[in-house]
Each structure stands twice: as C-alpha cells, then as structure tokens.
Amino acid sequence: MFHCVQFRNFDVGDSNLYITKKWWSEGSAEYFGNYVYPEVDKEYMHNGAWDANIADNDLFGMSYESYVFFQHLANTRGNEDIMRLLGAIPSGADSSRYQAALNAHFGTQAEDYWHAFAQQYLDRAIQDTNSKPIPLAPRDGQLVLVGANPLPASTSPYRFTWYRLRFPERFKYTNTVT
C-alpha cells in the first residue's frame, strides 16, 4: 500500500530505473507496512539479507532489507522525518546523488547519525515498531592482528565496517582517532 503513497507524493521517476531506487522504495514500504501492522513482523524475512549485505554494500545497493534503516530513522527521528527524506530524494539518482541527499538531510550530524546506527546494529539494539529488538545477527568483523604499524581502518559512506582487534600481550597500547 505504501507504494501508492510514494507514487502520489514523491518524485519516483522513471519506472525503468526501479533497480536503482529499491533501497528507499522497498525499504520504506516494508517499514511502513510494519508500522501499520506492528505485530506481523513479515519484514524479518529480510534480516538475513541485511546482515549479509551491510558490510559489503552501501545502503543504496540494498532493497527490502533496508527497512532496518527506516526503522532506526523512525525510532530516532520519527515518521515525519522519513517523509521529509523521501521527499528530498532525487528521481533517477545514482549512489553519489543518494549520498548527497542523505548528507543534506542529516546535515553536520550525518557521520554521527550513521555511527550511532551502526553501533545500535552491532549491539542488536534496534527496536521494532512493537518495541521488541529486531532479531538481527551481525556477522563477525574482520580479524586484524595489531602490530607496530597503524591500523588501516577505512570504509565507504553509508556502509558499516567493523573489525575484531587482536592485541599481542605484554604491550601498552594507546588509541587515537584522527
């Protein structure tokens, strides 16, 4: 049903570009379906795809599983904010334009918002509409053996990257963020 709202209220663009907009069209439809029927939890069938994809793909390469993003957005900023975001997404966009739209939407808080979202995901603390934790299963992060060299930790925008660190014993360590 939410697809009707999308087509009526947002610039959905050419239906031939459907594949490039699945992250927001299908993800928000899954979320709002759960908002209307909070005890059904049909969206959980996409949890495995979220868990499998979020470390290897950015948000914009996803589909139904991106409901997790919209659920977190509703939890932290409300449904009205989702509607504002959907209204700001350009039609026929690619990943760089989607990224620009999200950066503009979140403003100077974009990195902090995404980090908090990733932290809640890894903590399995994202609440469903029915106030229960969404049963997500983050996979283990890449194991990195820490040595004398700096840890090369990098990621792409709107993608989660996490590591498991292994430190040799009997050394003193200092962490700095640059």
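Residues numbered from 1 in each chain as written. Predicted model: local features only at pLDDT ≥ 70, side-chain atom pairs only at ≥ 80, totals over all residues. Heavy atoms only, no water.

Asker: I'd like a rundown of the packing of aromatic side chains, residues and numbers included.
Answerer: Scanning the model with the defined rule gives 22 aromatic pairs in all. An angle of 80° between the planes, with centres 5.1 Å apart, marks the rings of Trp114 and Phe117 as edge-to-face. Residue Trp114 and its partner Phe117 are both found in helix H7 (residues 110-122); the two are separated by three residues, about one turn of the helix. Taking relative accessible area as the criterion, Phe117 reaches 0% and is therefore assigned buried. (Phe/Tyr/Trp six-rings, centres within 6.5 Å; stacked < 30°, edge-to-face > 60°. Helix = DSSP H or I, 4+ residues; strand = E, 2+ residues; numbered from the N terminus. Buried < 20%, exposed > 50% of the residue type's maximum accessible area, 1.4 Å probe, protein only.)

Asker: Summarise unusual backbone geometry; cite the residues concerned and give the values.
Answerer: Positive phi values are uncommon outside glycine, yet Arg124 reaches one of about 55°. Position of Arg124 among the secondary structure elements: in the loop between H7 and strand S1 (142-145). Look at Tyr158: it is not a glycine, yet its phi comes out positive at around 55°. With respect to the element layout, Tyr158 can be found in the loop between S1 and strand S2 (163-166). Exposure remark for Tyr158: the relative accessible area of 5% places this residue in the buried category.

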